[in-house]
Amino acid sequence: MSRLIVISNRVSAPTADKPGAQGGLAVALSAALREADGVWFGWSGETGETGEPNFQTFDGVTSATIDLPEQDVEEYYDGYANRTLWPLFHYRLGLTEFEREFQGGSERVNRLFGDVIAPHIQSDDLIWVHDYHLIPLGWMLRQQGLTNRLGFFLHIPWPPTRLLTALPEHRRLVDALFAYDVVGFQTREWLETFHDYVVREMGGSIGEDDLVTVGGRTIRVIACPIGIDADEFIANATSEQAQAAYTRMVESSIGRSLIIGVDRLDYSKGLEERFNGYQRYLETRPDAHANVYLLQIAPPSRATVESYQIIRAQLDSLSGRINGAFADVDWVPLRYVNQSYPRAALAGIYRAARIGLVTPLRDGMNLVAKEFVAAQDPEDPGVLILSRFAGAAEQLDSALLINPYSPDDIADAIDKALAMSREERVARWRPMFENVRDESVIWWRRCFTDSLMRV
Ligand code: ADQ
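Predicted model only: the values in this text are computed from it and were never measured.

Thresholds, definitions, all that
- Residues numbered from 1 in each chain as written.
- Predicted model: local features only at pLDDT ≥ 70, side-chain atom pairs only at ≥ 80, totals over all residues.
- Heavy atoms only, no water.
- Core = buried A, V, L, I, M, F, W, Y, C linked by side-chain atoms within 4.5 Å.
- Buried < 20%, exposed > 50% of the residue type's maximum accessible area, 1.4 Å probe, protein only.
- Helix = DSSP H or I, 4+ residues; strand = E, 2+ residues; numbered from the N terminus.
- Contact = heavy atoms within 4.5 Å.
- Near = heavy atom within 4 Å.
- Polar contact = N/O pair within 3.5 Å; in protein donor to acceptor, adjacent residues only side chain to side chain.
- Areas by Shrake-Rupley, 256 points an atom, 1.4 Å probe, with all protein chains shown as cover.
- Nonpolar A, V, L, I, M, F, W, Y, C, P; charged D, E, K, R; others polar.
- Axes fitted to C-alpha atoms, helices over the stretch in contact; angles between N-to-C directions.
- Parallel < 35°, antiparallel > 145°, perpendicular 65-115°, else oblique.
- Left-handed = near helix turned anticlockwise from the far one by under 90°.

> Please clarify how the nonpolar core should be interpreted in this entry.
Formed by 91 residues in total, the largest nonpolar core has its most connected members in Ile260, Leu295, Tyr350, Leu384, Ile385, Leu386 and Ile414. A total of 6 residues in this core trace back to one element, the largest contributor, which is helix α13 (residues 367–375). Those residues within four positions of isoleucine 385 in sequence are excluded, and the remaining contacts are Ile355, Gly356, Leu357, Val358, Leu400, Ile402, Ala413, Ile414 and Ala417.

> Would you mind showing me how to read the site of the ligand here?
Around the ligand, the structure places 23 residues, and the nearest of them are His155, Asp363, Met365, Leu367 and Glu371. Residue arginine 264 places a side-chain N or O atom 2.9 Å away from an oxygen atom belonging to the ligand. Between the ligand and tyrosine 341, the relevant distance is 2.9 Å, taken from a nitrogen atom to a main-chain nitrogen or oxygen of the residue. Expressed as a share of its isolated accessible area of 720 Å², the protein-covered part of the ligand is 83%. The set of elements that each furnish at least two residues to the shell around the ligand consists of α12 (343–352) and α13. By residue class, the composition of the shell around the ligand is 11 nonpolar, 6 polar and 6 charged.

> Explain the packing of α12 against α13 to me, please; I cannot follow it from the model alone.
A pair of packed helices is characterised by two quantities: the angle between their axes and the separation of those axes. Running from amino to carboxyl end, α12 crosses α13 at an angle of 70°, the nearest separation of the two axes being 8 Å. When the axis of α12 is compared with that of α13, the two are roughly perpendicular. In this structure, α12 meets α13 at a crossing whose hand is right-handed. Two secondary-structure elements touch here, α12 through Arg343, Ala347, Tyr350 and Arg351 and α13 through Val368, Glu371, Phe372 and Ala375.

> Would you take a moment to explain the side chain of threonine 187 for this structure?
Looking at where threonine 187 falls in the secondary structure, it is placed in the loop between β7 (182–185) and α7 (188–202). Within the structure, threonine 187 has its side chain in polar contact with the backbone nitrogen of tryptophan 190 (distance 3.2 Å).

Below, the structure is given as structure tokens:
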């Protein structure tokens, strides 16, 4: 059996120092790595001279991390990944920074990854590269003479052609994707946008069976939506820790309906627009005051990037304004919390909520929407209000789908969700739950690796 080699910017496999470092992705990939005697390569998150990878095996999973020089972190990670590709791929041209050094840093680090990793690859290894930071890595590995089956999965959206061509080196970036054998996207929509680029900008052709040809090179391009570790999350939702969080929420709600938002503090998540939508709800439904409250949990991320400092300051001030304008002596309409919670506690909080408010302006998938669905009580589920611009909307189409830019749309959906009968809530929730359960993160991993194995 071939080994599986996973390569991502950061490694989230559990290690002896961080045995609990588990998200859905780590769980799915760790299980595959364990079965296939594989290795997970990536950046350690530390700055320093890059040497040989630091191999560690914990709980049957081997991870191999390297340090990166400070300048590389600034240009490749803070720069090209966080200030160029992330905003551009989330349709935020105004926030996108185009600096030649950033692109140079990205190429340098991708080459470095290739140089360091290639000697550890065996000829029949299956290699699976993750996300926008490492698009050029496949090409770098081919330059090292590797002929292995090579796959790439993009966790974020693929931008429209006219937007992508704003990137000076767009053609070089997309050419690099043709070094892979299989390229995976979260949804049909991103896959079709990619097809559009291939046809318009590269003169390529789209064949049957997901094959895409440019010049003499044909690759397979698939849509393969990521899921959550559904079994774990369903079990989490009734665990002791979840029960405790649930009870804490119910007691502090004193009969009011909880609306929950959980997001990394990122401008793509539409938090400001969500607060505006909630404010519109409060302005236009004075009778409903004191019957609801919004709990927004948003741990800060990428704090060294200016656009993240700006959005954080804006949310601080907007949450203060909303509470200043609407709070009463015994009611605070918005609880805004900048902290992380254990996954089981989050499950209990989701279960206590009447509404899950998930309103990204663009999102590759959005796992919070799926976690919210998985955590609900089947007899009395809450209502998911979901942005139509999240990848998850393709699968979770019985949610209340809204336009996150419209405060009225958000306000109306809150109204509708609060008034919804139990029958309708169950009828909307059930197909979403079945989808989340069946198309889990394990299903996603198989969907991708099966496709790669067929090469
Ligand atoms: P992210 O942009 O990070 O992921 P998302 O899919 O929502 O977004 O995942 C966030 C994860 O962080 C969820 O599992 C959530 O529970 C967790 N989380 C958020 N706030 C938390 C808190 N306060 N405490 C604890 N946990 C918290 C990128 C893409 C997405 C894509 C994923 C996976 O941007 O579109 O779904 O990768 O491919």
